[in-house]
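Structural description and commentary
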Amino acid sequence: MALNGLLNLLNVYKHRLHFQSQIALRKSYFSSCETIGSCRHGHSVTRGQGGFNNKLIPFQFHPRLGWPVLSTIRASSTVALTSSRLSSLNRGPFSVVSDQDIQYFNKVLQGRVITDRDELETHNTDWLKTVRGNSQVLLRPKTTEEVSAIVKYCYDRHLAVTPQGGNTGLVGGSVPVFDEVIISTQLMNNIISLDPVSGALVCQAGCVLETLDNHVQDHGLTMPLDLGAKGSCHIGGNVATNAGGIRLLRYGSLHGSVLGLEAVLPDGEIMDCLTPLRKDNTGYDLKQLFIGSEGTLGIITKVSILCPQKPRAVCVALLGCENFQKVLDIFVSCKSFLGEIMSAFEFMDSQAMELVKENLSLISPLEKYPFYVLVECSGSDGNHDEEKLTRMLQAVMDSGAALDGTVATDSTKIYNIWSLRESCASALLKDGYNYKYDVSLPLDHFYTLAEEMRERVKNHAIRTVAYGHVGDGNLHLNFTTAKYCPATMALIEPFIYDWVARHRGSVSAEHGLGLKKRQFIYHSKTPSAVALMATIKKAVDPRGIMNPYKVLPENIKTENDSSLDDREKM
């Protein structure tokens, strides 16, 4: 496992998603999957040497969203309307879009008002194909002033609006529930400024994360977050959902990286807090209200974000181990031996590895193990990093924490190893319907949830798959069935959220609450905390037009009301 050539990887971050878009799949990718059990594909893998089969063909990708085309799995039009599926959810007291409203929008936006039903379909439906709204109009402003004008008009007309970025959200937060007006930031994609000395980047909210990363890397910087959806997601949506991703371990959350922002409030007023300063201790830090608000307090139109220096050397190790305790032992060793150069620590269970091998025909460089650990190191001195990584690997091998491993120091193998982890979300969709959960848990209970849920749904799901960011306690737990099954859902919810609450976890680690999780907010927040959130929402948006039916539950409890019975299931 020699570690050579680390300095050749100056641009590994820049190209990671480009590789992901070229991940090869067999031509049978969109064929029906008949085998549920283990599938070895007849490949011979040399133990610990990282061999990969490169005779692969590219994904078929959606030209706009960047995600794999899913039309052969389930067309948008076949997804049930959310309003009909949640029959107990009542439409708010909002107006219905009229011809006069369309005329006004056309006057302001001139040719950027979409009413074609076919084009609206992709914006009405989330990319998981689990929720679908019925909006009759999509607005595509280019400037903050245009957003202000149309939002003020909607406020005066009592028209509900849904802000939308790249529409890569996973909890139904970025699509309408009923017929809300969709306001897209897709055309608000200008990079305004970059200070290469301080690292402060200022841009419009519709800039795609990968585009920003490419831009700042040309100046020796990198974006402080990295997501599997970086080729499609917008920075405004990232901020609005407080997106996490694999770099959070190294650079922290967006609450620390965002220096300032500009937002249009529900009444159309423009709130300008777009400072490039790292220190500004004057009054309430209002930007923090909008980070993670999921478009319920206003529409973020511009962002100022701090970009750290781009690593000069990067390498990745993939390790196999026999149980989850060994995963934790390796994590402790990595913190001790690698320190500041550890930039990611991910895990996959054996079911996750089998998932990408069976559904996407990807090849693992290791034999089959119960658990896999992916460690990424990035720093400024390749020789220094190599020495640290070598000591760590020797220690975990000698202790028995790792049974096998391979190190990637060239771009092709790094891409291949990361594809195993980052392709899990796409591979799950091959099974049919994906019940997706994103929770935070103390590490001593982290994988126990997966074990209990796997036993609970074993006769009702094709597979139960666990992977995630061990470094920040974020578990991604997924279940699949051929199509949506109420019986399976009844086994999962509310049991999974009750379990998380009992173990003092969070029902949403990084995906947000959106529509799907809003009724479970009390599993992670006290009634007084939720009541204060509702007070803030009422003060900022007294007419409730901004992304209604999201984040906050339909009924706000008092501190004395501790019942958790009024849950809706998605």
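Residue indices follow the written sequence of each chain, beginning from 1 at its first position. Where totals are concerned, whole chains, interfaces and linings use all residues; where local detail is concerned, this predicted model gives features only for residues with pLDDT of at least 70, and gives and counts side-chain atom pairs only at 80 or more. Note that water and hydrogens are dropped before the side-chain values are worked out from all heavy atoms of the structure.

Details of the side chain of Ser-378
- Secondary structure is summarised from DSSP: a helix means a run of H or I of at least four residues, a strand means a run of E of at least two, and numbering begins at the N terminus for each. With respect to the helices and strands, Ser-378 occurs in strand 12 (residues 371–379).
- Categorising residues by exposure relies on relative accessible area from a 1.4 Å probe, with only protein chains included: less than 20% of the type maximum marks a residue as buried, more than 50% marks it as exposed, and the intermediate range marks it as partly exposed. Under the relative-accessibility criterion, Ser-378 is labelled buried at 0%.

Description of the sheet that holds strand 8 (residues 270–273)
- Strands sit in the order 5-6-9-7-8 across an open sheet of 5 strands; the sheet is antiparallel. Two strands bound the open sheet, and with one partner strand each, they are strand 5 (191–194) and strand 8. Sheet twist, expressed as the mean angle between neighbouring strand axes with direction ignored, is 10 degrees. Strand pairing is assigned whenever DSSP detects at least two bridges linking the two strands. Axis definition: a line fitted to C-alpha atoms, limited for helices to the stretch in contact. Angles are taken between N-to-C directions and run from 0 to 180 degrees.

Things to note about the layout of surface pockets
- In this analysis a 1.4 Å probe is tested at points of a 1 Å grid over the protein atoms alone, and where it fits but cannot get out there is a cavity; an open set with protein on both sides within 12 Å along at least five of seven lines is a pocket; lining residues have an atom within 4 Å of a point. Grid points are joined across faces, edges and corners, and a volume is the space filled by probe spheres set on the points. Approximately 670 Å³ is the volume attributed to the largest pocket.
- If you go around the largest pocket, you meet 29 residues; those closest to its centre are Gly-292, Glu-294, Leu-513, Met-533 and Val-551.
- At the level of elements, helix 10 (287–290) and helix 19 (527–540) are the ones that each hand at least two residues to the lining of the largest pocket.
- Here the lining of the largest pocket takes 3 residues from helix 19, the largest share from any one element.
- Class assignment for the residues of the lining of the largest pocket results in 12 nonpolar, 13 polar and 4 charged.
- For the second largest pocket, the calculated volume is near 490 Å³.
- If you go around the second largest pocket, you meet 21 residues; those closest to its centre are Arg-518, Lys-537, Tyr-549, Pro-553 and Glu-554.
- Counted by class, the lining of the second largest pocket contains 10 nonpolar, 4 polar and 7 charged residues. Charged means Asp, Glu, Lys or Arg here, nonpolar means Ala, Val, Leu, Ile, Met, Phe, Trp, Tyr, Cys or Pro, and polar covers whatever is left, Gly included.

Details of the pattern of salt bridges
- Every case where a carboxyl oxygen of Asp or Glu lies within 4 Å of a side-chain nitrogen of Lys or Arg is listed as a salt bridge. The tally for this structure, following the rule as stated, stands at 19 salt bridges.
- Here Arg-454 and Asp-349 are joined by a salt bridge, their closest N and O atoms 2.9 Å apart. Of this pair, Arg-454 sits in helix 16 (residues 448–456) while Asp-349 sits in strand 11 (residues 342–349), and the two are 105 residues apart along the sequence. The residues Arg-454 and Asp-349 share a single accessibility class, namely buried.
- Within the structure, one salt-bridge network assembled from shared partners comprises Asp-213, Asp-226, Lys-230 and Arg-247.

Quick word on helix 14 (residues 411–422)
- Taking 1.5 Å of rise per residue, 12 residues should cover 16 Å, and helix 14 covers 16 Å from first to last C-alpha, within 8% of that figure.
- Across the 12 residues that make up helix 14, a large majority, 9, are buried.
- Where helix 14 is concerned, the buried positions are Ile-414, Tyr-415, Asn-416, Ile-417, Trp-418, Ser-419, Leu-420, Arg-421 and Glu-422. A helix's residues, less one, multiplied by 1.5 Å, set its expected span.

Here's the deal with the packing of helix 16 against helix 18 (residues 495–502)
- Interaxial distance between helix 16 and helix 18 falls to 11 Å at its minimum, and their mutual angle equals 155 degrees. By the angle between their directions, the pair helix 16 and helix 18 is classed as roughly antiparallel. Where helix 16 crosses over helix 18, the two elements pack in a sense that is right-handed. Each of Thr-448, Leu-449, Glu-452, Met-453 and Arg-456 in helix 16 lies in contact with helix 18, whose residues at this interface are Phe-495, Ile-496, Trp-499 and Val-500.
- A per-class count over the contact of helix 16 with helix 18 returns 6 nonpolar, 1 polar and 2 charged. By the definition adopted for this analysis, an angle is roughly parallel if under 35 degrees, roughly antiparallel if over 145, roughly perpendicular if from 65 to 115, and oblique otherwise. What makes a crossing left-handed is the near helix being turned counterclockwise from the far one by less than a right angle; a clockwise turn instead makes it right-handed. Residue contacts follow a heavy-atom distance rule, with two residues in contact if any of their heavy atoms lie within 4.5 Å.

Brief notes about the packing of aromatic side chains
- Each aromatic pair joins two rings of Phe, Tyr and Trp (for Trp, the six-membered one) with centres within 6.5 Å, and gets the label stacked for planes under 30 degrees apart, edge-to-face for over 60, and tilted for any other angle. Counted according to the given criterion, the structure contains 20 aromatic pairs.
- Ring centres of Phe-324 and Phe-347 lie 5.5 Å apart, and the angle between their planes is 75 degrees; this geometry places the pair in the edge-to-face category. With a gap of 23 residues between them, Phe-324 in helix 11 (residues 324–337) and Phe-347 in strand 11 connect regions that are remote in the sequence. Pair check on accessibility: Phe-324 and Phe-347 agree, each one buried.
- Both rings, one in Phe-347 and one in Tyr-447, keep their centres 6.1 Å apart while their planes meet at 90 degrees; by these two values the pair is edge-to-face. On the criterion of sequence distance, the pair formed by Phe-347 in strand 11 and Tyr-447 in the loop between strand 14 (433–440) and helix 16 is long-range, its members being 100 residues apart.

So, the pairing of strand 6 (residues 200–204)
- For strand 6, a buried count of 5 out of 5 residues is recorded, marking the element as mostly surrounded by other parts of the structure.
- Residues Ala-200, Val-202 and Gln-204 point to one face of strand 6 and Leu-201 and Cys-203 to the other, with burial holding for every one of them.
- Strand direction decides the pairing type here: strand 5 and strand 6, joined by 3 bridges, are antiparallel. Bridging across to strand 6, Ser-193 finds its partner in Val-202.
- As consecutive antiparallel partners, strand 5 and strand 6 are separated by 5 residues, and within that stretch Gly-199 has a phi angle of approximately 85 degrees, a positive value.
- The sheet contact formed by strand 6 and strand 9 (residues 299–306) spans 5 bridges and is antiparallel.

Concerning empty space enclosed by the protein
- Under the criterion given, the structure shown has 8 cavities of 30 Å³ or more.
- In this structure, the largest cavity occupies an estimated 940 Å³ of space.
- Along its surface, the largest cavity is lined by 47 residues, and Thr-168, Gly-169, Leu-227, Thr-241 and Ala-243 are the ones closest to its centre.
- At the level of elements, strand 3 (161–164), helix 7 (235–240), strand 9, helix 14, helix 15 (424–429) and strand 15 (463–469) are the ones that each hand at least two residues to the lining of the largest cavity.
- Looking at the lining of the largest cavity element by element, the count peaks at 4 residues for helix 7.
- Split into classes, the residues belonging to the lining of the largest cavity amount to 17 nonpolar, 24 polar and 6 charged.

Considerations on the state of the cysteines
- When two cysteine sulfur atoms lie within 2.5 Å, the pair is treated as a disulfide. The final tally for this structure, using the stated rule, is 0 disulfides.
- Free cysteine: Cys-377, not disulfide-bonded; nearest cysteine sulfur from Cys-315 at 4.6 Å.

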